[in-house]
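Topology and contacts: notes
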Amino acid sequence: MFYREAGDFKTTYAADQQTFPILFDRRTYYIVLAIALGVMPFVVTDYITNAILLPFLIYAIAAIGLNILTGYCGQVSLGTGGFMAVGAYATYKLMTGFPDLNIAIIVVLSGFITAGVGVLFGLPSLRIKGFYLAVATLAAQFFLVWMFNKVSWFYNYSASGQINAPERTMLGQPVTGAETEPWVAYLFCLAFLIVLAVIARNLTRGRIGRSWMAIRDMDIAAEIIGVNPLWSKLSAFAVSSFFVGVSGSLFFAVYLGAVEVGEAFGIQKSFLVLFMIIIGGLGSIFGSLAGAAFMVLLPVVLKLVMVDSLGWPTDLAAHFNFIVVGALIVAFLIFEPHGLAQLWRIAKEKLRLWPFPH
Amino acid sequence: MNDMSPDGYTTPDGRQIGGVMMEVKNITLRFGGVVAIKDISFDIREGEIRAIIGPNGAGKSSMLNVINGFYHPQEGEVWFNGAKRKAMKPHAIAKQGIARTFQNIALFKGMSTLDNIMTGRFTKMNAGFWSQCLWKGKAEQEEIENREYVEKIIDFLEIQAIRKTPVGRLPYGLQKRVELGRALAAEPKLLLLDEPMAGMNVEEKEDMSRFILDVNDEFGTTIALIEHDMGVVMDISDRVVVMDYGRKIGDGTPDVVRADPAVIDAYLGVAHD
Ligand SMILES: Nc1ncnc2c1ncn2[C@@H]1O[C@H](COP(=O)(O)OP(=O)(O)OP(=O)(O)O)[C@@H](O)[C@H]1O
Ligand SMILES: [Mg+2]
């Protein structure tokens, strides 16, 4: 009976509107935050950082971004990979064009540039919906990858067609480039995730977030309430693309260091992030994090169990990964569209009543 | 009732009705070959409860859609607050103070009762984007202020117990009530209700009638409603427009309309659901 609302009365609307209205959740949140910031940087290894932490942090940002557009505003997008590429190439051009510009600022600017591109590709959403919009964003995905391949200005005319992140430091510590310490890269990405997750939470619980959900649930009724569908949809595209752009920027500059666009930001990336929010939970910030964690951890765990412990061949484990993800997507779409986040909520509801079932 | 003073009139139960707030003049609306509304004119006065009745397909919902900007009539004018209205998008009309409910419930299914009604406050909130990002200053403050107003509506409609319930899970009658709450949240000058009592049982209809009268009384809201239940219409409305096949066949107080031979012929005499 330790997880409960009873005795935790809210006497103001402000208290009722906070992110974690239940004291226990609030405590858990601060403990997780303290560990992530205070303990993890001292214990992370190269392997854990590169195999789990960085991909998780970076994909989580992309997943939140896509969730804002798809989960909250109801506009399906298959262009996430392409928009991540915009963030990555914006970062590359800014890094090479302005060597003295702080890397954190470059990441943020890349987000803004991606937001602009996102609005542009969001314009069709004013006329088309659902399946047709998905196809339009798919076209954006292919167009963007094609463009970054084709127009050599984007990769500074390098022979390989790749982009490479030069070393940039913050407070004397390299954040990008080969010399980067794992804990620095971890903290850098973590800071972005924390700030962006809080912003996403704030936006989705207020006026603009409600306008997105109104458009998602019943666009006609949204309009008679005074929501301008144009602004609502385009703002969702802008905010979403900002997140995805930051994610692509970090993915390139901090995580990979060198990128070939088709490989790093192809259509499979769009699907990966989409699967994250389906499994994690549409319309939930927490679900975005859960989905990203799940999709990052699954192959790692499968490899650990199947290859390292049982001695199965690597490609078998990889195929198994596909099967599990595929089955889960189908299961979640049919049985629980709100994903892991909803399962977690239900579990908490049970816990609140425990040990009495009713 | 055409000899009414332009400044208003006093109802039999002593309520003071004001001047003309909304006037539609010679509206004709066509969908391809179908004439949904044919040359209809009537007015709605400040503080009034104005009913629109007529058989199925008479064009009643279409009339509301013209008033709140979903449909643009081929002919005719809409006057609001003494000025002729230009062609406008529904969201701009909402800002002028016209709210409505739908014949088929149009709630935001994925949101709670509270969030649905909070969304109704959309035009009353204007915190900037950055303030909303940080949940500081104006954004936080106006969220609390508007929540207070929404709680008043929740109390008024007696739906405290379902405040946090996703509306998709609510029974039909309550959904209708939440939808009324969402429309009220905008503090509209003119409230359009499209069959607010359709599909309700007797008690629910009584509740809803009481809410409509109370809204009119306590908030001073002018109301135009479509309703099939003649008993309810005669009970709560001040004046009635009768439509049939897109034309207006009667207009006046319930007593006058009830006695009008054309109305009896076309509508009241006919068996109807
Ligand atoms: N969007 C539209 N496209 C084509 N025809 C329409 C449209 N909306 C309404 N109509 C037609 O206009 C006529 C009037 O419809 P309307 O919905 O206004 O009737 P109503 O009086 O509200 O009827 P009910 O009592 O059944 O709600 C009908 O013949 C209907 O088929
Ligand atoms: Mg109708």
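A quick note: this is a predicted structure, and the numbers were derived from the prediction, not measured. (Residues numbered from 1 in each chain as written. Chains lettered and ligands numbered in written order. Predicted model: local features only at pLDDT ≥ 70, side-chain atom pairs only at ≥ 80, totals over all residues. Heavy atoms only, no water.)

This part is about the domain arrangement of chain B. Residue and element names in this part refer to chain B. You can read the domains of chain B as domain 1 (1–97 + 188–273) and domain 2 (112–186). For domain 1 and domain 2, the distance between their C-alpha centres works out to 27 Å. Across the boundary between the two partners, domain 1 contributes 19 residues, which contact 13 residues of domain 2. Across the domain 1/domain 2 interface, buried area totals approximately 1300 Å², and carbon plus sulfur atoms make up 73% of it. It is Pro-188, Phe-211 and Phe-219 in domain 1 that bury the most area against domain 2; as a group they hold 36% of the surface buried on that side. Applying the counting criterion to the domain 1 and domain 2 interface returns two salt bridges. Close ionic contact of Glu-158 with Arg-210 constitutes a salt bridge, the shortest N to O distance being 3.7 Å. The interface formed by domain 1 and domain 2 holds two residue pairs in polar contact (both at pLDDT 80 or more) in total. When contributions to the side of domain 1 that touches domain 2 are tallied by element, the ones reaching two or more residues are strand 9 (190–194) and helix 7 (202–219). Per element, the largest residue contribution to the side of domain 1 that touches domain 2 is nine residues, and it comes from helix 7. Looking at the side of domain 1 that touches domain 2 residue by residue, the class counts come to ten nonpolar, one polar and eight charged. (Domains from an automatic or database assignment. Contact = heavy atoms within 4.5 Å. Buried area = accessible area lost by both parts, 1.4 Å probe. Salt bridge = Lys/Arg side-chain N within 4 Å of Asp/Glu carboxyl O. Polar contact = N/O pair within 3.5 Å; in protein donor to acceptor, adjacent residues only side chain to side chain. Helix = DSSP H or I, 4+ residues; strand = E, 2+ residues; numbered from the N terminus. Nonpolar A, V, L, I, M, F, W, Y, C, P; charged D, E, K, R; others polar.)

All names here are of chain B. Surrounding the magnesium ion (ligand 2) are the protein donor atoms Ser-61 (OG) and Gln-103 (OE1), at 1.9 to 2.1 Å. Residue Ser-61 is found in helix 1 (residues 60–67), and its partner Gln-103 is found in the loop between strand 8 (98–101) and helix 3 (113–120); the two are separated by 42 residues along the sequence. By relative accessible area, Gln-103 is classed as partly exposed at 31%. (Donors = N, O, S within 2.8 Å, 3.2 Å for Na, K, Ca; no water. Buried < 20%, exposed > 50% of the residue type's maximum accessible area, 1.4 Å probe, protein only.)

What follows covers the packing of aromatic side chains. Per the counting criterion, the structure on display carries 21 aromatic pairs over all chains. Seen in terms of ring centroids, Phe-188 of chain A and Phe-192 of chain A are 5.3 Å apart; in terms of plane orientation they differ by 70 degrees. Their pairing is edge-to-face. One end of the pair, Phe-188 of chain A, and the other, Phe-192 of chain A, are both in helix 7 (residues 182–205), four residues apart, so they sit about a helical turn from each other. Seen from their ring centres, Phe-129 of chain B and Trp-130 of chain B are 5.0 Å apart, and the 80 degrees between their planes marks the pair as edge-to-face. The class for Trp-130 of chain B is exposed, based on a relative accessible area of 55%. Taken together, the aromatic side chains of Phe-112, Phe-242 and Phe-243 of chain A together with Phe-129 and Trp-130 of chain B make up a single cluster linked through ring pairs. Looking at Arg-207 of chain A, its charged tip hangs above the ring of Phe-122 of chain B, at a distance of 4.0 Å from the centre. Positioned above the aromatic ring of Trp-79 of chain B, the side-chain terminus of Lys-25 of chain B is 4.0 Å from the ring centre. (Phe/Tyr/Trp six-rings, centres within 6.5 Å; stacked < 30°, edge-to-face > 60°. Lys NZ or Arg CZ within 6 Å of the ring centre and 35° of its normal.)

On to the sheet that holds strand 7 (residues 83–84) of chain B. Residues and elements named next belong to chain B. In space, the four strands of this open sheet follow the order 4-3-6-7, with antiparallel pairing throughout. The outermost strands of the open sheet, each flanked by one partner alone, are strand 4 (34–45) and strand 7. Relative to strand 4, strand 3 (residues 20–31) runs antiparallel, the two being bridged by eight bridges. Bridge assignment links Ile-27 to a residue of strand 4, and that residue is Ile-40. Along the sheet, helix 1 contacts strand 3, strand 4 and strand 6 (75–80); its crossing angle with strand 3, the most-contacted strand, is approximately 115 degrees. (Pairing = 2+ DSSP bridges. Axes fitted to C-alpha atoms, helices over the stretch in contact; angles between N-to-C directions.)

Residues and elements named next belong to chain B. Around ligand 1 sit 14 residues in total, of which Gly-57, Lys-60, Ser-61, Ser-62 and Gln-103 are the nearest. Measuring from an oxygen atom of ligand 1, one finds a backbone N or O atom of Gly-59 at 2.9 Å. Here His-228 contributes a side-chain N or O atom positioned 3.2 Å from an oxygen atom of ligand 1. With three residues, the single largest contributor to the shell around ligand 1 is helix 1. Each residue belonging to the shell around ligand 1 can be placed in one class, and the counts come to five nonpolar, seven polar and two charged. (Near = heavy atom within 4 Å.)

This chain's UniProt record puts "transmembrane region" (unreviewed entry) on residues 28–45, 51–69, 101–123, 130–148, 183–200, 237–259, 271–296 and 316–335 of chain A. Secondary structure across residues 316–335 of chain A comprises 100% helix and 0% strand; the distance between its end C-alpha atoms is 28 Å. (UniProt positions renumbered as here; feature names shortened; annotations may be inferred.)

A few words now on a nonpolar patch on the surface. Residues and elements named next belong to chain A. On the surface, Tyr-47, Ile-48, Leu-297, Val-301, Leu-304, Val-305, Leu-310, Trp-312 and Leu-316 cluster together into a nonpolar patch covering about 800 Å² of accessible area. Looking at the nonpolar patch, the elements with two or more residues in it are helix 3 (46–72) and helix 13 (285–309). Top element by residues in the nonpolar patch is helix 13. It accounts for four residues. (Patch = residues over 30% accessible without salt bridge, like charges linked within 9 Å, V, L, I, M, F, W, Y side chains within 5 Å. Areas by Shrake-Rupley, 256 points an atom, 1.4 Å probe, with all protein chains shown as cover.)

All names here are of chain A. Mapped onto the elements of the fold, Leu-196 is located in helix 7. Since its relative accessible area comes to 5%, Leu-196 is described here as buried. Residues Leu-196 and Leu-23, spaced 173 residues apart in sequence, show a C-alpha to C-alpha distance of 23 Å. If we skip the residues at most four places from it in the chain, Leu-196 touches Ile-61, Phe-242, Phe-243 and Val-246.

Next up on the list: a negative patch on the surface. Together, Asp-46, Glu-167, Glu-179 and Glu-181 of chain A give the surface a local cluster of negative charge. Looking at the element boundaries, Asp-46 of chain A is found in helix 3. (Lys, Arg positive; Asp, Glu negative; His and termini not counted. Charge placed at Lys NZ, Arg CZ, Asp CG, Glu CD.)

Right, let's get into empty space enclosed by the protein. To find leftover empty space, one rolls a probe the size of a water molecule over the atoms. Per the counting criterion, the structure on display carries four cavities of 30 Å³ or more. Estimated volume of the largest cavity: approximately 70 Å³. Lining the largest cavity are Ile-224 and Ile-225 of chain A together with Ala-94, Ile-98, Ala-99, Arg-100, Thr-123, Arg-182, Ala-183 and Ala-186 of chain B. When residues of the lining of the largest cavity are traced back to their parent elements, those giving at least two are helix 9 (219–225) of chain A together with strand 8 and helix 6 (172–185) of chain B. Per-element tally for the lining of the largest cavity: the top contributor is strand 8 of chain B, with three residues. When grouped by side-chain class, the residues that make up the lining of the largest cavity number seven nonpolar, one polar and two charged. (1 Å grid on protein atoms, 1.4 Å probe; cavity = no way out; pocket = protein on both sides within 12 Å on 5 of 7 lines; lining within 4 Å. Points joined across faces, edges and corners; volume = space filled by probe spheres on them.)

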